[in-house]
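Chain residues, written in single-letter form:
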Amino acid sequence: MKINATLQKLVVEFLGATLFLIALFGSIGHSLAVPELAIAATYGLAILITQAISGGHLNPIVSLYFYSRKELSLNLFLLYVLAQVGGAVLGALIGLQLWGKSVVALSVGNAPSPAVLIGEWVATGGLVFIYGFLTSTKRANLIPFAAAAWIFSAASFTQSGAQANPAVSIALMLNGQGLTVSGWIIIAQVVGLMSGTIGFMVFTAKPAKAAKSLKAKAKTTTAK
């Protein structure tokens, strides 16, 4: 079977996001002992099976990062976002149906607490750092495992459950998360993107050679 390369990437991103959100909504719809484990395991699996084709983004923030690096064109970035959000909404609907739950009417809601926003900033920044650091150090094959481990951890220590993904934040409005909450959380995620990018740039920066500095200092001393 042959398929257009761009279309294949979009379908893969759509289905990967769908799979992830089925697990997320299925987990929050049932009283699992450790829902973070099911969510993180499915997330890692979804990245693993999509990475070789689409890059395994499954997240508009991750796609925005690669767009900023000029590894995605603007058109492809926008199509990725549409596929990711569409897949997330479909996954949310399926996940709700797994436990016979209905879509909750859209509400405006109130602004989230600073603690929630800080949690999203940290969770998203860490996720972007993982993608950026492992990609730049040629260890992208570890992203599925590292990202899953991070989401499991961050979901356990943040009040928001480490959404770290605008597609997830949008889909959660089907389960009662207010429009205002999702809007503020997405802003915090964008700030996390910038912080995570700065972080991995520091980690991968090449330190100035001390030898050159010493030579320059010696020349200055000689000249005096």
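Here, the structure is the one placed above.
Keep in mind it's a predicted model, so treat the numbers as computed, not measured. (Residues numbered from 1 in each chain as written. Predicted model: local features only at pLDDT ≥ 70, side-chain atom pairs only at ≥ 80, totals over all residues. Heavy atoms only, no water.)

Asks: How would you summarise the nonpolar core if you had to cite specific residues and measurements?
Replies: By size, the foremost hydrophobic cluster in this structure holds 43 residues, and its most contacted members are L21, L24, F25, Y43 and Y131. Listed by contribution, the elements that provide at least two residues to this core are α1 (5–28), α2 (35–54), α3 (60–68), α4 (74–98), α5 (114–136), α6 (143–157), α7 (166–171) and α8 (179–204). If we ignore the near neighbours within four places in the chain, the residues touching Y131 are Y43, I47, G55, G56, H57, V62, F66 and I143. Counting residues in hydrophobic clusters, the runner-up holds five residues, among them V116, L117, I185 and A188. (Core = buried A, V, L, I, M, F, W, Y, C linked by side-chain atoms within 4.5 Å. Buried < 20%, exposed > 50% of the residue type's maximum accessible area, 1.4 Å probe, protein only. Helix = DSSP H or I, 4+ residues; strand = E, 2+ residues; numbered from the N terminus. Contact = heavy atoms within 4.5 Å.)

Asks: An account of the side chain of T42 is requested, with residue identities and associated values reported.
Replies: The residue T42 is located in helix α2 in this model. Exposure remark for T42: the relative accessible area of 17% places this residue in the buried category. Here the side chain of T42 touches A38 through a polar contact of 2.8 Å, landing on its backbone oxygen. With sequence-adjacent residues up to four places away left out, T42 is seen in contact with L19, F20 and A23. (Polar contact = N/O pair within 3.5 Å; in protein donor to acceptor, adjacent residues only side chain to side chain.)

Asks: Summarise a nonpolar patch on the surface; cite the residues concerned and give the values.
Replies: On the surface, I118, W121, V122, F157, W184, I187, V190, V191 and M194 cluster together into a nonpolar patch covering about 810 Å² of accessible area. The element contributing the most residues to the nonpolar patch is α8, with five residues. One can find M194 in helix α8. Since its relative accessible area comes to 48%, M194 is described here as partly exposed. (Patch = residues over 30% accessible without salt bridge, like charges linked within 9 Å, V, L, I, M, F, W, Y side chains within 5 Å. Areas by Shrake-Rupley, 256 points an atom, 1.4 Å probe, with all protein chains shown as cover. Salt bridge = Lys/Arg side-chain N within 4 Å of Asp/Glu carboxyl O.)

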